[in-house]
Amino acid sequence: IDGQGRVRTLLGGIDHTKAPYNRAVAARRQAGSAWKPFVYLAALEAGRTPELAVIDEPVTIGNWTPRNYEDGFLGPMTLEMALAKSVNTVAARLADEVGRDNVAAAARRLGVASPLNTDPAMALGSAGVSPLEMSQAYAAFANGGDRVSAYGIERIRTASGVVLYRRPAAAPQPAISNPALSDLNRMMRTVMTSGTGTRAAVPGYDLAGKTGTTSDYKDAWFVGHTGGLAVAVWMGRDDATPMAGITGGTAPAELWRSFMTTALKRSPARPIPYGRPAPEPV
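On a predicted model such as this, the values are computed, not experimentally measured, just so you know.

Draft legend 1. Main features of helix α7 (residues 180–194). Here α7 is 15 residues long and its end C-alpha atoms lie 21 Å apart, about the 21 Å a rise of 1.5 Å per residue gives. With eleven of 15 residues buried, α7 is to be regarded as a mostly interior element. Turning to α7, its buried residues are A180, L181, S182, D183, L184, N185, M187, M188, T190, V191 and M192. Tucked inside the fold, the buried residues of α7 contact α2 (36–45), α3 (79–84), α6 (131–142), β7 (208–213), β8 (219–226) and α8 (251–266).

Next up, the structure:
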């Protein structure tokens, strides 16, 4: 999806004649850690910063104890590194501190329309969402902070050139302000340079993104963006059986890189915009 909401590429399956179900639009699958940018956005908007010191350590919220993808704990780190390394304990505690209702509100503001739960596991992407929703939401990270509404038809005209339909121009809908936007983009760049998303990197371009993997390997994601373009890749099985060791940082990240390598050459590549300046202190 580009920065205006235009769907530039959509792939919902392998063979439409054999399986017409459009997974890109109709599937609702757990986002795993690709959901975490919404958690971190709510935290940044509540006053946290990328440099904030946090600790990867055991945490229990109610009767739920989240586990990291890898056994053990990494101890002290910054908030930025916690996102880059996709540390579950930090994200779970963060969502509990800032309020899961606020996390849900942040996702809604960016265009996630699927039903959302607010139980503790929501912080780690337990809600079902579509690839279209995820790319639509990430588009706000790519265009300077405006919410977009995804669409596929801009105009319809006859063979003689008579315009039958033209999509009306939409006014910008500011959804994220600075410094939260620039801080979050900085953190998601680190995901790709030294975190779980290094396999998605395309040298020479300004890219940011996030991996996502469900705990049972039923869903694997890479969702990322550059200036004016957001792309979501999801991999999974229709019967929701686990995939053998597929994580968001492996095949989805590699597919994302393969697509972006071509897309960046076909469309004008530009840096991720900073967005609107931070408001002046009162």
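After presenting the structure, the write-up continues.
Draft legend 2. A look at the side chain of Q136. Among the secondary structure elements, Q136 is positioned in helix α6. You can call Q136 buried: its relative accessible area is 12%. A polar contact of 2.8 Å, which involves the side chain of Q136, links it to the backbone oxygen of G111. Those residues in contact with Q136 that lie beyond four places of it in its chain are I1, L110, G111, V148, S149 and A150.

Draft legend 3. Summary view of the pattern of salt bridges. Scanning the entire structure with this criterion turns up 17 salt bridges. Through salt bridges with shared partners, one network takes in D2, R6, R8 and E154.

Draft legend 4. The sheet that holds strand β9 (residues 229–236), seen in detail. Ordered in space as β7-β8-β9, the three strands form an open sheet in which the pairing is antiparallel. The open sheet terminates on both sides in strands that have one partner only, identified here as β7 and β9. Within the sheet, the average angular offset between the axes of one strand and its neighbour, ignoring direction, is 10°. Pairing between β8 and β9: eight bridges, direction antiparallel. In the strand pairing of β9, F222 is matched with V233. Contacting β7 and β8, α7 crosses the sheet at an angle of about 65° to β7.

Draft legend 5. How the structure looks around a nonpolar patch on the surface. A surface patch of nonpolar side chains, amounting to about 460 Å² of accessible area, comprises I153, I156, V162, L164 and Y165. If you trace the backbone, Y165 turns up in strand β6 (residues 163–166).

Draft legend 6. Molecular detail of α6. Its twelve residues place the ends of α6 16 Å apart at the C-alpha level, agreeing with the 16 Å of an ideal helix rising 1.5 Å per residue. For α6, the tally of buried residues reaches eleven of twelve residues, placing the bulk of the element in the interior. All of the buried residues in α6 are P131, E133, M134, S135, Q136, A137, Y138, A139, A140, F141 and A142. Positioned one or two residues after α6, G144 has a phi angle of 95°, which is positive.

Calculation notes
- Residues numbered from 1 in each chain as written.
- Predicted model: local features only at pLDDT ≥ 70, side-chain atom pairs only at ≥ 80, totals over all residues.
- Heavy atoms only, no water.
- Helix = DSSP H or I, 4+ residues; strand = E, 2+ residues; numbered from the N terminus.
- Expected span 1.5 Å × (residues − 1).
- Buried < 20%, exposed > 50% of the residue type's maximum accessible area, 1.4 Å probe, protein only.
- Contact = heavy atoms within 4.5 Å.
- Polar contact = N/O pair within 3.5 Å; in protein donor to acceptor, adjacent residues only side chain to side chain.
- Salt bridge = Lys/Arg side-chain N within 4 Å of Asp/Glu carboxyl O.
- Pairing = 2+ DSSP bridges.
- Axes fitted to C-alpha atoms, helices over the stretch in contact; angles between N-to-C directions.
- Patch = residues over 30% accessible without salt bridge, like charges linked within 9 Å, V, L, I, M, F, W, Y side chains within 5 Å.
- Areas by Shrake-Rupley, 256 points an atom, 1.4 Å probe, with all protein chains shown as cover.

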